[in-house]
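# Topology and contacts: notes
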Amino acid sequence: MISALPRRRTLLAASAATVLALLVSGCGTGGADAHRIRVGVSGDSPEWDVLAKEAKKEGLTVETVVFDDYSLPNKALSAGDIELNAFQHLVFLAQSNTENKTDIAPIAATTVVPLGLYSSKHKQLADLPDRAEIALPNDPANQGRGLRVLEQAKLIELRKDAGLFATPDDITANPKHVKLTPVNAQQTPRTLKDTDAAIINDGVAELAGIAADTALFKDDPAAPQSVPYLNVIAARANQKDNADYRKIVELYASQAVQDEVRRTSNGTAHHVELPAADLQAEVARIQKQLKR
């Protein structure tokens, strides 16, 4: 008999001891229930609550495990403490695999969301003053995309060969003399009181109560250059063809789940369906770029 759906639980990343406790928790086999699937997410993810109800009809027990630190869900997945995660885009996954020598594979695309420039002091992009201070994520994957957003907004120019992992050192023109302040991606909303603007991930903005339609500028999630930023469901590579996981992928694309995605994202999240093989090839391509 399938057990009742577990309540959502939160894993905190307050210290190294917490991380260690997670990675050696001894539940890497997935527990006694062979059809129990723990999915690592970041922040509130109500679409997974909807999916869990649908999965129960298929004989699957889905439990969401909430992480408050982007560095943890891939470590937990690699260690076997969760079966899937759904919190990252392809660039972040490639970076994580390369840095941590893990073998995690995307098995489905979920959504791509715009990355925006927000301000609590200025109403329009043109209002940003000369020498404006702008906060942006400090991790390579999100910083590179953030710099592209600033380039598209005509605030800076980057070297043509800067690639996905551009850094402030790749800036070739800065006509407004903006000052860039890298910070943890999840802390970017807190900088708004002290800076002129900040590059803030859509999910982080939502958690901070920042309305998506208040962005001074956003990139286009439907543009071809947004493919590396597709968010994905990921599994350990040796489990990427698991039949239960295929059911999860099918359920994520269902009408009920997609309605919840649209509701909770204020329509900003664009669901994308690409073959898993294409997603895995894109991760491999990005990882090659990282190793150059």
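Residues numbered from 1 in each chain as written. Predicted model: local features only at pLDDT ≥ 70, side-chain atom pairs only at ≥ 80, totals over all residues. Heavy atoms only, no water.

### Here we look at the overall build of the protein chain
The secondary structure content of the protein chain amounts to nine helices and 15 strands. Looking at the protein chain residue by residue over its 292 residues, the buried ones come to 50%. Sequence-distant contacts in the protein chain: of pairs separated by 6 or more residues, those separated by 24 or more amount to 78%. (Helix = DSSP H or I, 4+ residues; strand = E, 2+ residues; numbered from the N terminus. Buried < 20%, exposed > 50% of the residue type's maximum accessible area, 1.4 Å probe, protein only. Contact = heavy atoms within 4.5 Å.)

### Quick notes on the packing of aromatic side chains
Evaluated as defined, the whole model comprises four aromatic pairs. With a centroid separation of 6.1 Å and an interplanar angle of 75°, the aromatic rings of Tyr70 and Phe92 are classed as edge-to-face. Taken together, the residues span a long stretch of sequence, with Tyr70 in the loop between strand S3 (61–67) and helix H3 (72–79) and Phe92 in helix H4 (residues 90–100) at a distance of 22 residues. Residue classification places Tyr70 among the buried positions, given a relative accessible area of 17%. (Phe/Tyr/Trp six-rings, centres within 6.5 Å; stacked < 30°, edge-to-face > 60°.)

### Description of the pattern of salt bridges
What the rule picks out here adds up to 13 salt bridges. The salt bridge partner of Asp161 is Arg159, with a shortest N-O separation of 2.2 Å. With relative accessibility at 57%, the residue Asp161 sits in the exposed group. Among the ionic pairs, Asp259 bridges to Arg262, the shortest N-O distance being 2.7 Å. A residue pair is termed a helical-turn pair when its members lie 3 or 4 positions apart in one helix, as Asp259 and Arg262 do in helix H8 (residues 255–264) at three residues. Here the residues in one salt-bridge network are Arg159, Asp161 and Asp170, joined through shared partners. (Salt bridge = Lys/Arg side-chain N within 4 Å of Asp/Glu carboxyl O.)

### So, the side chain of Asn97
Mapped onto the secondary structure, Asn97 falls in helix H4. Asn97 gets classed as buried once you look at its relative accessible area, which sits at 5%. Side-chain polar atoms of Asn97 contact the side chain of Thr102, separated by 2.7 Å. Here Gln287 takes part through its side chain, which lies 3.2 Å from a polar atom of the side chain of Asn97. (Polar contact = N/O pair within 3.5 Å; in protein donor to acceptor, adjacent residues only side chain to side chain.)

### Here's the deal with the environment of His271
One can find His271 in strand S15 (residues 270–271). Classification of His271 as partly exposed rests on a relative accessible area of 27%. Taking C-alpha positions, His271 is 7.7 Å from Gln258, a pair spaced 13 residues apart along the chain. Apart from the residues within four sequence positions on either side, His271 is in contact with Ala109, Thr110, Thr111, Tyr252, Ala253 and Gln258. A polar side-chain atom of His271 sits 2.7 Å from the main-chain carbonyl oxygen of Thr110.

### A word on H8
Along H8, the residues classified as buried are Val257, Gln258, Glu260, Val261 and Thr264. In an axial view of H8, the angular spread of the buried residues amounts to 155°, which keeps them on one side of the axis. Exposed residues lying more than 90 degrees from the buried face of H8 are Gln255 and Arg263. Of the surrounding elements, those touching the buried residues of H8 are helix H2 (46–57), strand S6 (111–112), helix H6 (202–207), helix H7 (243–252) and S15. (Arc of directions from axis to C-beta.)

### Here's the deal with the confidence of the model for the protein chain
Across the protein chain, pLDDT averages 87, with 88% of residues at or above 70. Across residues 1–32, where pLDDT falls below 50, the model places 59 contacts with residues more than four positions away in sequence or in other chains. (pLDDT = per-residue confidence, 0-100.)

### Here's the deal with unusual backbone geometry
The phi angle at Arg131 is positive, at roughly 65°, despite the residue not being glycine. By the element assignment, Arg131 lies in the loop between strand S7 (116–118) and strand S8 (133–137).

### Regarding the nonpolar core
Core analysis: the largest hydrophobic core is formed by 38 residues, its most contacted members being Leu90, Val91, Ile200, Leu230 and Ile286. Where this core is concerned, the elements lending two or more residues are S3, H3, H4, strand S5 (104–109), strand S12 (197–200), H6, strand S14 (231–236) and helix H9 (276–290). At five residues, the largest contribution of residues to this core is made by H4. If sequence neighbours within four positions are ignored, Leu90 has contacts with Pro106, Val227, Pro228, Leu230, Val232, Leu279, Glu282, Val283 and Ile286. (Core = buried A, V, L, I, M, F, W, Y, C linked by side-chain atoms within 4.5 Å.)

### Description of the sheet that holds strand S11 (residues 179–183)
Strand pairing in a sheet takes place through backbone hydrogen bonds and is either antiparallel or parallel in direction. One open sheet accounts for five strands, arranged S11-S8-S12-S7-S13; its pairing is mixed. Among the strands making up the open sheet, the edge pair consists of S11 and strand S13 (217–218). Against the sheet, helix H5 (residues 140–152) engages S7, S8, S11, S12 and S13, with an angle of about 140° to S8. (Pairing = 2+ DSSP bridges. Axes fitted to C-alpha atoms, helices over the stretch in contact; angles between N-to-C directions.)

### With respect to H2
Taken together, the buried positions of H2 are Pro46, Glu47, Trp48, Leu51, Ala52 and Ala55. Where H2 is buried, its residues touch strand S2 (36–42), S3, strand S4 (84–89), S14, H7 and H8. At the C-terminal side of H2, Gly59 shows a positive phi close to 80°.

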